[in-house]
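Here are the chains, one letter per residue:
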Amino acid sequence: TERIGQILGSFAKELEGQDVDLCLMLVPTAIYVYGEKLPGRAPVRNQMETAEIVYSLSGIRAVDCSKDLFAYKEKGELYYKTDHHWTTLGAYAGYTAYCREMGLDAVALEEMEAQTVTEDFRGTVYSKAGDYGRKGDAITIYRNPADKLTVEYADTGETSYSLYNLEYVDEKDKYSLFLDNLHSLIEITNENADSDRELVLVKDS
């Protein structure tokens, strides 16, 4: 924990003096958000206490999405049951936390076009557990009809006009439909954006 905070702090120092509004979001896992579903006496640490240590050591502006995740629990599944990732609804809760912290107006969920593209997603937890009778998860994607996107994959030189590659729906690795699996650098341009500001997202997944 200390090492991670120090590394992030070094990264932040490299950007000092530049016109960059840096922030850090540490996302808790399903164990934290759905702690009430764990067996009695299950050993669980407080993930947000750990996050506070990293935030403090890094010196980076914190975006705490944990309260938003708890607020969205009644709206649907926030994490896949057969995978370690959060669902698109969980990611939306994180997005609202970011917008609030940065003084931005979040696009309402009701303004998005929702589409369930599969109900048979079986992820990393499914593969490791060996309980092959377990029902798969649904994957729902959201599109903002106000957007006009160009998605460029720097490593392959390919261009798309969607955040999703639905060819993966027919593959075992269905989660790779998000941004066409793994790429080292992706540049997304929204032609209909009403701002010339740029967002650089560095993720560790």
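K.L.:
Now, about the overall build of the chain: what can you tell me, with residues and values included?
P.N.:
A count of helical and extended segments in the chain gives six helices and seven strands. On C-alpha atoms alone, the chain measures out to a radius of gyration of 18 Å, which is about the 17 Å that the 2.2 N^0.38 rule sets for 205 residues. Across the 205 residues in the chain, those meeting the buried criterion constitute 31%. Counted over contacts in the chain with a minimum sequence separation of 6, partners at least 24 positions apart contribute 63%. Element-wise, carbon and sulfur atoms account for 49% of the exposed surface of the chain, whose accessible area totals about 13,900 Å².

K.L.:
How would you summarise the state of the cysteines if you had to cite specific residues and measurements?
P.N.:
As enumerated under the stated definition, the model contains zero disulfides in all. Cys99 provides the cysteine sulfur closest to Cys23, a residue in no disulfide bond, and the two sulfurs are 11 Å apart. Accessibility expressed as a relative area gives 4% for Cys99, which makes it buried.

K.L.:
Any chance you could break down the packing of aromatic side chains for me, citing the residues and the numbers?
P.N.:
For the structure shown, the criterion picks out nine aromatic pairs. Summarising the aromatic geometry, the rings of Tyr34 and Tyr79 are spaced 6.3 Å apart at their centres and angled 80 degrees between planes, so their arrangement reads as edge-to-face. Note that Tyr34 is positioned in the loop between helix 2 (30–33) and helix 3 (47–58) and Tyr79 in the loop between helix 4 (66–71) and helix 5 (88–102), a separation of 45 residues in sequence. Like Tyr79, Tyr34 is buried. Considering the side-chain rings of Tyr80 and Tyr175, the 6.3 Å spacing of their centres and the 85 degrees angle between planes classify their relative orientation as edge-to-face. With Tyr80 in the loop between helix 4 and helix 5 and Tyr175 in the loop between strand 6 (158–160) and strand 7 (186–190), this residue pair connects regions lying 95 residues apart in the sequence. Tyr175 sits in the partly exposed class, given a relative accessible area of 22%. The ring of Tyr72 carries the charged tip of Lys75 above its face, separated from the ring centre by 5.5 Å.

K.L.:
Give me helix 1 (residues 2–14): which residues, what numbers.
P.N.:
Over its 13 residues, helix 1 runs 19 Å from end to end, which matches the ideal 18 Å to within 8%, given 1.5 Å per residue. Listing the buried residues of helix 1 in full gives Gly5, Gly9 and Ala12. All buried residues of helix 1 lie within an arc of 60 degrees about the axis, which places them on one face of the element. Exposed positions of helix 1 whose direction lies more than 90 degrees from the buried face are Arg3 and Glu14. Against the buried residues of helix 1 lie helix 3.

K.L.:
Which residues make up the pattern of salt bridges, and what are the values?
P.N.:
Applying the stated criterion across every chain yields a total of eight salt bridges. A salt bridge links Arg61 to Glu101; the shortest N-O distance between them is 2.9 Å. Of this pair, Arg61 sits in strand 2 (residues 61–62) while Glu101 is found in helix 5, placing the two residues 40 residues apart along the sequence. Glu101 sits in the partly exposed class, given a relative accessible area of 32%. A salt bridge links Lys67 to Asp64, with the shortest nitrogen-to-oxygen separation between them at 3.5 Å. What makes Lys67 exposed here is its relative accessible area of 61%. Overlapping salt bridges, with partners in common, bring together Asp21, Arg61 and Glu101 in one network.

Calculation criteria
- Residues numbered from 1 in each chain as written.
- Predicted model: local features only at pLDDT ≥ 70, side-chain atom pairs only at ≥ 80, totals over all residues.
- Heavy atoms only, no water.
- Helix = DSSP H or I, 4+ residues; strand = E, 2+ residues; numbered from the N terminus.
- Rg over C-alpha atoms; globule rule 2.2 N^0.38 Å.
- Buried < 20%, exposed > 50% of the residue type's maximum accessible area, 1.4 Å probe, protein only.
- Contact = heavy atoms within 4.5 Å.
- Areas by Shrake-Rupley, 256 points an atom, 1.4 Å probe, with all protein chains shown as cover.
- Disulfide = S-S within 2.5 Å.
- Phe/Tyr/Trp six-rings, centres within 6.5 Å; stacked < 30°, edge-to-face > 60°.
- Lys NZ or Arg CZ within 6 Å of the ring centre and 35° of its normal.
- Expected span 1.5 Å × (residues − 1).
- Arc of directions from axis to C-beta.
- Salt bridge = Lys/Arg side-chain N within 4 Å of Asp/Glu carboxyl O.

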